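Listed here are the chains, written in short residue letters.
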Amino acid sequence: MSFVRGLKCHSCGREYPISPVYVCETCFGPLEVDYNYDALAESLNRDTFAAGPKGMWRYRDLLPFSGKEPIDIGAGFTPLIRAENLGRDLGISNLYIKNDAVNPTWSFKDRVVSVAMSQAREFGFPVMGCASTGNLAASVAAHAARAGLPCYVLIPADLEKGKVVNASIYGPNLVMVRGNYDDVNRLCVEIADRYGWAFVNINMRPYYSEGSKTLAYEVAEQLGWQTPDHVVVPIAGGSLLTKIRKGFEELERLNMVDEVHCQVHGAQARGCSPVVQAFEEGRDEIRPVKPDTIVRSLAIGNPADGYLALQTIRRTGGQAVAVSDQEVVEAISLLARTEGVFTETAGGVTVGVLKKLAQQGAFKPGQTVVAYITGNGLKTLEAVEGLSPEQVIIAPSLKAFRQVYEGSLATASA
Ligand SMILES: *Cc1c(COP(=O)(O)O)cnc(C)c1O
Ligand SMILES: [Zn+2]
């Protein structure tokens, strides 16, 4: 049984049947999936979820998928780590890291792609595609490989090597475009239109973005069915941030958690911070920017859901904060050294902003803070290569070992 009623325009409320549409024909507003919450409340409880599979599809009743078997490569059910060391360092008493860097293709994008591509296959699309800043390309390629579907993934030609290799290994048609993400995205809109293909983050966007809600459900379940007081979330297109809050609110509506007080904080790199700039200047409209940052996975100058993300931040009493590339690199290293978690540049943005918020006194003692780590450090090695100390190579003899390490040996065994 499906609890999905249809699609609904976020701006004017016009309703549409479940179909591959993504903008409102009346007002051009974004379309959102609409559920029958009364029926959901009657048939769901905490145990229904606990009895489900150990992955994101345990929340299937709250996702827009009308078929039988989703395309599932094992996304979700990632660790929520109590981060005592980092918390001590930053002066946050009750800090958690949601480590979504350990998904099957090493970023949270596996959650959104699993939903979008499963439904796209139901719609009968012949070819899958995406416009990507890197992580999405790998995830679309992997899911298409598992499902045996043809796919075209389009990326800016100058992405990090790790991202390009990671995407191409699954055997997609990898299209490298001379231009930035916003150029790639414009091209993909035209291709989707011309060929009738499913671009997961464009014409499948209402389904795609719902997948991010599982990052809220999981955290609430892992906290013993409580919602945190604060979350820190990186922003690229802005849908992840928006949907995390929506996920918490849905759980409240279904009586699975107490009233939600979660303040949602948005994190961007200073070199691509259209949402932060609007927040700082008290503007409502997002002005597109030309990205200039090492944080390629968040380098979207014209975010599709930037306005919704900004509204969510303001409405929940959160803040939108930017960090420099230098602060990003330091934060990657800080997280690795304190918690043993190696994140890509987007996670550096999150931890850098977490640090700034802590310094500004945004978190009160005892409040629960969750920082979302959304991508894996092996994807952006070039960002941190310079940080490793000079490597010493020794002969395979005890004498050579002692010559180099005698000093530190004495302190280690003392
Ligand atoms: C895509 C991405 C984000 C941001 O997601 P949006 O929904 O586009 O805001 C954050 N972190 C990583 C690693 C990503 O790949
Ligand atoms: Zn509308």
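Further up the page is the structure itself.
The rules behind the values
Residues numbered from 1 in each chain as written. Chains lettered and ligands numbered in written order. Predicted model: local features only at pLDDT ≥ 70, side-chain atom pairs only at ≥ 80, totals over all residues. Heavy atoms only, no water. Helix = DSSP H or I, 4+ residues; strand = E, 2+ residues; numbered from the N terminus. Rg over C-alpha atoms; globule rule 2.2 N^0.38 Å. Buried < 20%, exposed > 50% of the residue type's maximum accessible area, 1.4 Å probe, protein only. Contact = heavy atoms within 4.5 Å. Areas by Shrake-Rupley, 256 points an atom, 1.4 Å probe, with all protein chains shown as cover. Lys, Arg positive; Asp, Glu negative; His and termini not counted. Charge placed at Lys NZ, Arg CZ, Asp CG, Glu CD. 1 Å grid on protein atoms, 1.4 Å probe; cavity = no way out; pocket = protein on both sides within 12 Å on 5 of 7 lines; lining within 4 Å. Points joined across faces, edges and corners; volume = space filled by probe spheres on them. Near = heavy atom within 4 Å. Polar contact = N/O pair within 3.5 Å; in protein donor to acceptor, adjacent residues only side chain to side chain. Nonpolar A, V, L, I, M, F, W, Y, C, P; charged D, E, K, R; others polar. Core = buried A, V, L, I, M, F, W, Y, C linked by side-chain atoms within 4.5 Å. Pairing = 2+ DSSP bridges. Donors = N, O, S within 2.8 Å, 3.2 Å for Na, K, Ca; no water. Tetrahedral: all angles 85-135°; square planar, octahedral: opposite > 155°, others 65-115°. Salt bridge = Lys/Arg side-chain N within 4 Å of Asp/Glu carboxyl O. Axes fitted to C-alpha atoms, helices over the stretch in contact; angles between N-to-C directions. Parallel < 35°, antiparallel > 145°, perpendicular 65-115°, else oblique. Left-handed = near helix turned anticlockwise from the far one by under 90°.

Draft legend 1. Inspection of the overall build of the protein at higher detail. When you go through the protein residue by residue, the secondary structure sums to 15 helices and 13 strands. Relative to the globule expectation of 22 Å for 414 residues, the C-alpha radius of gyration of the protein, 22 Å, shows essentially globular dimensions. A principal-axis box enclosing the C-alpha atoms of the protein has dimensions of 75 × 45 × 45 Å. When each of the 414 residues of the protein is scored for burial, the buried share is 57%. Contacts in the protein between residues far apart in sequence, at least 24 positions, make up 70% of those at least 6 positions apart. When the accessible surface of the protein is summed, it comes to about 17,700 Å², and 50% of that surface belongs to carbon and sulfur atoms. One finds the centroid of the 40 positive side-chain charges in the protein at a distance of 2 Å from the centroid of its 45 negative side-chain charges.

Draft legend 2. Here's a closer look at the layout of surface pockets. For the second largest pocket, the calculated volume is near 440 Å³. Considering the residues around the second largest pocket, the lining is formed by 17 residues, among which His10, Glu32, Tyr37, Lys246 and Glu249 are closest to the centre.

Draft legend 3. Just the site of ligand 1, in detail. If you check the shell around ligand 1, you find 15 residues, and the closest are Lys109, Asn135, Gly237, Gly238 and Thr374. One of the backbone nitrogen or oxygen atoms of Ala236 is found 2.9 Å away from an oxygen atom of ligand 1. Within the backbone of Gly237, an N or O atom sits 2.7 Å from an oxygen atom of ligand 1. Contact with the protein chains removes 97% of the 390 Å² of surface that ligand 1 exposes when unbound. When the residues that make up the shell around ligand 1 are grouped by side-chain class, the tally is seven nonpolar, six polar and two charged.

Draft legend 4. The arrangement of the nonpolar core in detail. Formed by 81 residues in total, the largest nonpolar core has its most connected members in Val140, Phe248 and Tyr372. In terms of residue count, helix H4 (residues 109-123) provides more of this core than any other element does, six residues in total. If we skip the residues at most four places from it in the chain, Val140 touches Val113, Met117, Gly129, Cys130, Cys151, Val153 and Val200. Membership of the second largest hydrophobic core comes to 48 residues, among which are Leu86, Leu154, Ile191 and Ala269.

Draft legend 5. Structural view of the pairing of strand E5 (residues 94-99). Most of E5 sits inside the fold, with six of its six residues counted as buried. Burial along E5 is two-sided: the residues Asn94, Tyr96 and Lys98 and Leu95, Ile97 and Asn99 are all buried. Bridge analysis of E5 against strand E13 (residues 368-373) gives six bridges, and the strand direction is parallel. What sits directly across from Asn94, in E13, is Thr368.

Draft legend 6. A look at unusual backbone geometry. Positive phi, close to 60°, is recorded for Phe77, a residue that is not glycine. By the element assignment, Phe77 lies in the loop between helix H2 (46-50) and strand E4 (80-82). Assessed through its relative accessible area of 37%, Phe77 is described here as partly exposed. Even without a glycine there, the phi angle at Asn255 is positive, about 60°.

Draft legend 7. Spotlight on the coordination of the zinc ion (ligand 2). The protein atoms that coordinate the zinc ion (ligand 2) are Cys9 (SG), Cys12 (SG), Cys24 (SG) and Cys27 (SG), at distances of 2.3 Å. The site at the zinc ion (ligand 2) holds four donor atoms, and with the angles between them running 98 to 117°, its shape is tetrahedral. Sequence positions of the residues that donate to the zinc ion (ligand 2) give the spacing C-x2-C-x11-C-x2-C. With a relative accessible area of 4%, Cys9 lands in the buried category. For Cys12, a relative accessible area of 41% puts it in the partly exposed group.

Draft legend 8. Region of interest: the pattern of salt bridges. Taken as a whole and assessed by the stated rule, the structure comprises 25 salt bridges. With a closest N to O distance of 3.5 Å, Glu25 and Arg14 form a salt bridge. Highlighted residues: Glu25 in the loop between strand E2 (15-16) and strand E3 (31-35) and Arg14 in the loop between strand E1 (4-9) and E2, separated in sequence by 11 residues. Judged by its relative accessible area of 55%, Glu25 is exposed. Residue Asp158 is joined to Arg296 by a salt bridge in which the shortest nitrogen-to-oxygen separation is 3.0 Å. Separated by 138 residues along the polypeptide, Asp158 in the loop between strand E7 (151-156) and helix H6 (161-168) and Arg296 in the loop between helix H11 (274-280) and helix H12 (306-315) bring together distant segments of the chain. Classification of Asp158 by relative accessible area gives exposed; the value is 52%. Members of the salt-bridge network, linked through shared partners, are Glu32, Glu210, Lys213, Lys243, Lys246 and Glu250.

Draft legend 9. The packing of helix H10 (residues 239-253) against H12, seen in detail. Axis separation between H10 and H12 bottoms out at 8 Å; the angle between their running directions is 50°. It follows from the interaxial angle that H10 and H12 lie oblique. Crossing of H10 over H12 shows left-handed handedness. Between H10 and H12, the residues in contact are Leu241, Thr242, Arg245 and Glu249 and Leu308, Ala309, Thr312, Ile313 and Arg315, respectively. For the contact of H10 with H12, a count of residues per class yields four nonpolar, two polar and three charged.

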